[in-house]
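If you want the building blocks of each chain, they are given just below.
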Amino acid sequence: MSYTVTTQTSASRVAAIAGAIGIVVLIALPFFAGRGTIQDMFFILTMLVLAQFWNLLAGYGGLVSIGQQAFVGMGAYAMFGVVILMGFDPVPSILLGGVAALIVAVPTAFFAFRLNGAYFAIGTWVIAEVVRLLVAQWKTLGGGTGTSLPRDATRDMWFVELIQDMLGVRSAAARDILAYWLALILALATIGGIYWLLRTRRGLALAAVRDNTEAAKSVGVDAGRMKWIVFLTSAFGTGLAGALIYMQKARISPDAAFSVTDWTAYVIFIVVIGGIGTIEGPILGVLVFFALQSLLADFGSWYLMTLGVLAIVIMLVAPRGLWGLVSERTGLHLFPIRRTLSGGKLTSSED
Amino acid sequence: MIWVDTLLQGILLGGLYALFASGLSLVFGIMRLVNLAHGDLIVMAAYLILVLVTLLGLSPFVAVLTAMPVMFGIGWGLQKFLLNRTLEDDILPPLLVTFGLSIALQNALLEGFSADSQRLPTNALTTASVDVGPIALGVMPLLTFASAVLVIVGLNQLFYRTELGRAFRATSDDATTASLMGIKPANIFATATGIALVIVTIAALYLGLRANFDPNIGPARLIYAFEAVIIGGLGSLWGTLLGGIIIGVAQTVGAAINPEWQILAGHVAFLIVLLVRPRGLFPRAND
Amino acid sequence: MALLQTQGLVAHYGDFQALFGVDIALNEAETVAIIGANGAGKTTLMRSIAGVLRNAAQAVTYDGTPIGAHPADEIMAQGVAMVPEGRKLFPSLSVEENLLIGTYGRKVEGHWNLNTVYDLFPILGERRHNPGTALSGGQQQMVAIGRALMSNPRVLLCDEISLGLAPVVIKDIYKAIPQIKAAGASMIVVEQDIAQAMAVADRVYCMMEGRVTLSGTPDTLSRDDIHNAYFGASH
Ligand SMILES: Nc1ncnc2c1ncn2[C@@H]1O[C@H](COP(=O)(O)OP(=O)(O)OP(=O)(O)O)[C@@H](O)[C@H]1O
Ligand SMILES: [Mg+2]
């Protein structure tokens, strides 16, 4: 008797087709959408990237970090650094931002992995504070008040002229479109990459690590190594997103770039509301988050209060988030990770 | 001589951090729960004292006595009806719920009291200082430090000399077996958080008397508290005091070298301890 | 009417069903032994009675009232104490504190107090200030029994008090049982050591795979009956 092991479901095939159409629309978006829409979409996509990486850490790796702002800020500052001090072009400098975040992640992990669970969470936060305070000492980049990208660096940025000509828009709008396309590439690569990682043997072992480090050890999963891989991957991706976000903003300060609210609290809410431990969750979460923000942002602190309370309620009544509710009701999995076995019945050999 | 002065100021500042940390340490020791809203609860208590002072015209020291039972009740209810529901093996729910609570609380305070910084009214006593040889020590820092020591002595008495303390330790060891002794773990946990918030109220008094506060400063207090707890070793109250002192001294020494380095120096001291003694200075045997 | 009784008691661990309708009864002043192979469900039965596992209200009756749905602390407060399997002393508490915690939040009248427990197990008096877990296995078992006695229970549930102990130590511990009975407790004793169980019990229940397969008085049960009830008839 033969067995076939698949991770595909028919829903996921439909989703793949719908997804492909969606991607084409997203790529073409700047041809028919206004600048406001492009900026909103940029925000959604970059938050989605941050959320996917936090989800990889916490939802799959069991590593609840409250210090992701360290990598956003470090990526952004490294990008500003090489542009301002060495005259690099901002676009390729984004990659250096990712690398810088990766470099900071090594000592961070070294310290934070000495702490468990909740203490790991606060430990990452402390380190993010340390990085912020150190960067605020970096006087050539404006110290505590921050700085802007030089005008010629943004004007002569790669691809901007090309986009101006192609779409007939002004330089500022062209920069937004460039940032949007880069964010789209980053988001797709993130989702694809994480999906791929989770379907590898290693990735499947991740769940085992999250659920029980001791048990995972006993079946031969190197939990320590998986933690490192997940942590460094997340740092790199978060750094890229940070650099990209600040390339679009073109102005930076330590308090903004290392903000725990903007780069970690929001991200946690997105993942918790959408559904932790799934790829679909953060996608749904970021859409809900954006909708809430559009509706409630004028109410300032009421908005954040609502988010906080919503996260508490969801954690208590539906810990798998909105996507968890959806897939429970419908059995839908757009990114199936679990392998399903078909072709025969398994009988346990002995009891 | 200036260095002796700096050192003494740092030690006294450590008393404040130990007060921030004791409640955190207590709750962690009993139910392995880290409350990420701890700092915001300190700030909330400071506002509660402020309201009592301004509305009823009480002295801050009387207001704090009034605030204590209120804060105990809030802690008890918070634990009983919210946090107890998160106490399972999974580490995500308690972290995410208390994080949500932290953000919600911060913004509720912002809504209620605006972002303006506030201060509890001081009087001649609280701004006075005593001369110890050539060094002048503020009465306020001395009171803070004495309160921290008193709180820790009191908690140790409670833990090791009373029936409730026995129940705390038993429940912390094994909640199921404790329930076979007639103990209600849910109530024990609620009581522990209630007591933690009473300590938080004491901490809030000194926070508000010594410096300005606003709704956003909670997370930083949480971080100092956390550092003190980790340096001391999880669950050791005297260790927590020492941890607070180490952070305090590092901060004042850092500030003496360059005012911008104050906070950074505290964090660096924490990281160094973490490097050389990952389990803190006085680790508990069975953790 | 029995002092304590289970009726159609079932228990589950997740999807796994561990008890399938267990009926047992304990009369006033009686000692009942429950025997059965590993995994038969003896501990599960004790935990269900003590309220660690919740049941339907009617599944357990004590002193005429249904207590199946009560939490462990309330059942304890009503007079049902348990010596849990594996002793379960509190490592942060000294021997004396381990005993004292047995009366948490209550003043109880009766024969048992610190002094009488120390009389019953004199070694505990000598080691009263040691951490409970610094004692030998037999001494720890004495603490666990003493801790349950401190509340002067009407019903004492003992889950494998001989587990992992040398025969001489078991003898020592079982020597205490007549005194415990004399002080007024009715007992359910879970045992793997059949001879030991038969010696102290007025009645015996034998369990297999979550069911009671045999019951009777020690003198009426033959070795073959017990063997079959223990392992199933096919062995
Ligand atoms: N916490 C648990 N989770 C899942 N299954 C359990 C649990 N505890 C016990 N079981 C299962 O329930 C059944 C009955 O277990 P129980 O401990 O009641 O047996 P027992 O008769 O006390 O055995 P022993 O003589 O070994 O103590 C066993 O099959 C056991 O594997
Ligand atoms: Mg058993």
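Residues numbered from 1 in each chain as written. Chains lettered and ligands numbered in written order. Predicted model: local features only at pLDDT ≥ 70, side-chain atom pairs only at ≥ 80, totals over all residues. Heavy atoms only, no water.

Enquirer: Would you mind showing me how to read the overall build of chain C here?
Expert: Within chain C, the secondary structure is distributed over 10 helices and 10 strands. The C-alpha atoms of chain C give 17 Å as radius of gyration, which agrees with the globular expectation for 235 residues (18 Å, within 12%). With the C-alpha coordinates aligned to their principal axes, the bounding extent of chain C is approximately 50 × 40 × 35 Å. For chain C, the residues scored as buried account for 56% of the 235 residues in total. Long-range contacts, defined here as pairs at least 24 residues apart, represent 65% of the contacts in chain C between residues at least 6 apart. Surface summary for chain C: the accessible area is close to 9,900 Å², and the carbon and sulfur share equals 51%. With 17 positive and 23 negative side-chain charges, chain C shows a separation of 4 Å between the mean positions of the two kinds. (Helix = DSSP H or I, 4+ residues; strand = E, 2+ residues; numbered from the N terminus. Rg over C-alpha atoms; globule rule 2.2 N^0.38 Å. Buried < 20%, exposed > 50% of the residue type's maximum accessible area, 1.4 Å probe, protein only. Contact = heavy atoms within 4.5 Å. Areas by Shrake-Rupley, 256 points an atom, 1.4 Å probe, with all protein chains shown as cover. Lys, Arg positive; Asp, Glu negative; His and termini not counted. Charge placed at Lys NZ, Arg CZ, Asp CG, Glu CD.)

Enquirer: Whenever I open this one, the overall build of chain A confuses me. Can you help?
Expert: The helix and strand tally for chain A stands at 16 helices and 4 strands. Among the 351 residues that make up chain A, the fraction classed as buried is 53%. Residue pairs at least 24 apart in sequence account for 78% of intrachain contacts in chain A once pairs closer than 6 positions are excluded. Accessible surface computed for chain A: about 15,600 Å², of which carbon and sulfur atoms make up 63%.

Enquirer: Whenever I open this one, the sheet that holds strand β10 (residues 211-216) of chain C confuses me. Can you help?
Expert: The strands that make up a sheet pair up through hydrogen bonds in the backbone, lying either parallel or antiparallel. All names here are of chain C. The mixed open sheet is built from 6 strands, whose spatial order is β6-β7-β8-β3-β9-β10. Single-partner strands in this sheet number two, and they are β6 (80-83) and β10. The sheet shows a mean angle of 20° between the axes of neighbouring strands, taken without regard to direction. Relative to strand β7 (residues 155-159), β6 is paired through 4 bridges, and the arrangement is parallel. Bridge assignment links M82 to a residue of β7, and that residue is L157. Packing of helix α10 (residues 223-231) onto the sheet brings it into contact with β3 (31-36), β8 (186-191), β9 (203-208) and β10, and relative to β9 it is tilted by some 35°. (Pairing = 2+ DSSP bridges. Axes fitted to C-alpha atoms, helices over the stretch in contact; angles between N-to-C directions.)

Enquirer: Explain the pattern of salt bridges to me, please; I cannot follow it from the model alone.
Expert: Where charged atoms of side chains with opposite charge meet at close range, the side chains can pair. Summed over all chains, the structure comprises 13 salt bridges over all chains. Ionic pairing is found between E260 of chain B and K139 of chain A, a salt bridge with its closest N-O pair at 3.4 Å. In this pair, E260 of chain B sits in the loop between α11 (237-257) and α12 (262-276) while K139 of chain A sits in the loop between α5 (117-135) and β2 (147-148), so the two residues belong to two different chains. On the accessibility criterion, K139 of chain A (52% relative accessible area) is exposed. Close ionic contact of R203 of chain C with E30 of chain C constitutes a salt bridge, the shortest N to O distance being 2.5 Å. With R203 of chain C in strand β9 and E30 of chain C in the loop between β2 (16-26) and β3, the pair connects residues that are 173 residues apart, well separated along the chain. By relative accessible area, which is 9% here, E30 of chain C ends up buried. Connected through shared salt-bridge partners, E129, R132 and D255 of chain A make up one network. (Salt bridge = Lys/Arg side-chain N within 4 Å of Asp/Glu carboxyl O.)

Enquirer: Please clarify how the nonpolar core should be interpreted in this entry.
Expert: Inside soluble globular proteins, nonpolar side chains tend to come together where they are buried. Core analysis: the largest hydrophobic core is formed by 249 residues, its most contacted members being I34 and L45 of chain C. Contacts of I34 of chain C, omitting those with residues within four sequence positions, involve I24, K42, L45, M46, I188, V189, V190, E191, Y205 and M207 of chain C. (Core = buried A, V, L, I, M, F, W, Y, C linked by side-chain atoms within 4.5 Å.)

Enquirer: Mind showing me how you'd approach the environment of I94 of chain A here?
Expert: Residue and element names in this part refer to chain A. Relative to the helices and strands, I94 resides in helix α4 (residues 90-112). Relative accessible area serves as the criterion here: at 10%, I94 is assigned to the buried category. Taking the C-alpha atoms as reference points, I94 and V169, 75 residues apart in sequence, are found 24 Å from one another. When neighbours within four sequence positions are excluded, I94 is seen to be in contact with M79, L182, L240, A243, L244 and M247.

Enquirer: How should the interface of chain B and chain A be read in this particular structure?
Expert: Think of interface size as the accessible area that goes away when the parts come together; that is how it is often given. Taken together, the contacts link 39 residues of chain B with 39 residues of chain A. Contact between chain B and chain A buries roughly 3,700 Å² in total, counting both sides, with carbon and sulfur atoms accounting for 82%. Taken together, chain B and chain A are joined by 1 salt bridge. The tally of links from chain B across to chain A stands at 7 residue pairs in polar contact (both at pLDDT 80 or more). (Buried area = accessible area lost by both parts, 1.4 Å probe. Polar contact = N/O pair within 3.5 Å; in protein donor to acceptor, adjacent residues only side chain to side chain.)

Enquirer: Help me understand the pairing of strand β2 (residues 135-138) of chain B in this model?
Expert: Along any regular strand, the residues point their side chains to alternate faces of the sheet. Residues and elements named next belong to chain B. In the sheet, strand β1 (residues 129-132) pairs with β2 via 4 bridges, with the strands oriented antiparallel. Bridge pairing in β2 places V130 opposite L137. Counting the residues between successive antiparallel strands, the hairpin from β1 to β2 contains 2 residues, one of them, G133, with a positive phi of roughly 60°.

Enquirer: Can you walk me through the coordination of the magnesium ion (ligand 2) in this structure?
Expert: The expected angle between donors at a tetrahedral four-coordinate metal is 109.5 degrees. At an octahedral six-coordinate metal it is 90 or 180 degrees. Within the protein, the magnesium ion (ligand 2) binds to T43 of chain C (OG1) and E85 of chain C (OE); these donor distances fall in the range 1.8 to 2.2 Å. Here E85 of chain C lies in the loop between β6 and α3 (95-100) and T43 of chain C lies in helix α1 (residues 42-50), a separation of 42 residues in the sequence. (Donors = N, O, S within 2.8 Å, 3.2 Å for Na, K, Ca; no water.)

Enquirer: Mind showing me how you'd approach the environment of D40 of chain B here?
Expert: All names here are of chain B. Within the secondary structure, D40 is located in helix α2 (residues 38-56). Overall, the relative accessible area of 1% leaves D40 in the buried class. Between the alpha carbons of D40 and L109 there is a distance of 9.1 Å; along the sequence they are 69 residues apart. Those residues within four positions of D40 in sequence are excluded, and the remaining contacts are S102, L105, Q106, L109, G218 and P219. At 3.2 Å, the side chain of D40 and the side chain of Q106 are in polar contact.

Enquirer: Would you mind showing me how to read the interface of chain B and chain C here?
Expert: Each side of the interface is counted separately: chain B has 20 residues, and chain C has 22 residues. Counting each side, the surface lost to burial between chain B and chain C is near 1,900 Å², with a carbon and sulfur contribution of 62%. Among the residues chain B hides against chain C, the three largest losses belong to R166, L180 and M181 of chain B. Together they make up 36% of the total. Close ionic contact of D73 of chain C with K184 of chain B constitutes a salt bridge, the shortest N to O distance being 2.5 Å. Here chain B is connected to chain C by 6 residue pairs in polar contact (both at pLDDT 80 or more). For the side of chain B that touches chain C, the elements supplying multiple residues, two or more each, are α7 (163-173) and α8 (175-180) of chain B. With 7 residues, the single largest contributor to the side of chain B that touches chain C is α7 of chain B. A class-by-class count of the residues in the side of chain B that touches chain C yields 9 nonpolar, 5 polar and 6 charged. (Nonpolar A, V, L, I, M, F, W, Y, C, P; charged D, E, K, R; others polar.)

Enquirer: I would appreciate a short explanation of the site of ligand 1 in the present structure.
Expert: Residues and elements named next belong to chain C. K42, T43, T44, E85 and Q192 are the nearest of the 14 residues found near ligand 1. Note that an oxygen atom of ligand 1 is positioned 2.6 Å from one of the side-chain N or O atoms of E85. Between E160 and ligand 1, the recorded distance is 3.0 Å, taken from a side-chain N or O atom to an oxygen atom. Considered on its own, ligand 1 offers 630 Å² of accessible surface; in the complex 62% of this is hidden by protein. Among the elements of the structure, β2 and α1 are those that each provide at least two residues to the shell around ligand 1. Here the element with the most residues in the shell around ligand 1 is α1; it accounts for 3 residues. (Near = heavy atom within 4 Å.)

Enquirer: Explain the sheet that holds β2 of chain C to me, please; I cannot follow it from the model alone.
Expert: Residues and elements named next belong to chain C. Ordered in space as β2-β1-β4-β5, the 4 strands form an open sheet in which the pairing is antiparallel. Pairing within the sheet leaves two strands with one partner each, and these edge strands are β2 and β5 (65-66). The strands touched by α1 are β1 (4-13), β2 and β4 (60-62); relative to β1, the strand with the most contacts, the crossing angle is about 115°.

Enquirer: Teacher, can you tell me more about the state of the cysteines here?
Expert: All names here are of chain C. Scanning all chains against the criterion turns up 0 disulfides over all chains. Of all cysteine sulfurs in the structure, the one in C206 sits closest to C158, which takes part in no disulfide; the separation is 19 Å. Take C158: its relative accessible area is 1%, and that puts it in the buried class. (Disulfide = S-S within 2.5 Å.)

Enquirer: Would you take a moment to explain the packing of aromatic side chains for this structure?
Expert: Each aromatic ring pair is described using two quantities: the centre-to-centre distance and the angle formed by the ring planes. All names here are of chain A. Under the definition given, this model contains 26 aromatic pairs over all chains. Between F110 and F111 the ring centres are 5.8 Å apart and the planes differ by 75°, which places this aromatic pair in the edge-to-face class. The exposure class of F110 is partly exposed, given its relative accessible area of 40%. Pairwise contacts between aromatic rings join F43, Y266, F289, F290 and Y303 into one cluster. Taking NZ or CZ as reference, K249 lies 5.8 Å from the ring centre of Y246, over its face. (Phe/Tyr/Trp six-rings, centres within 6.5 Å; stacked < 30°, edge-to-face > 60°. Lys NZ or Arg CZ within 6 Å of the ring centre and 35° of its normal.)

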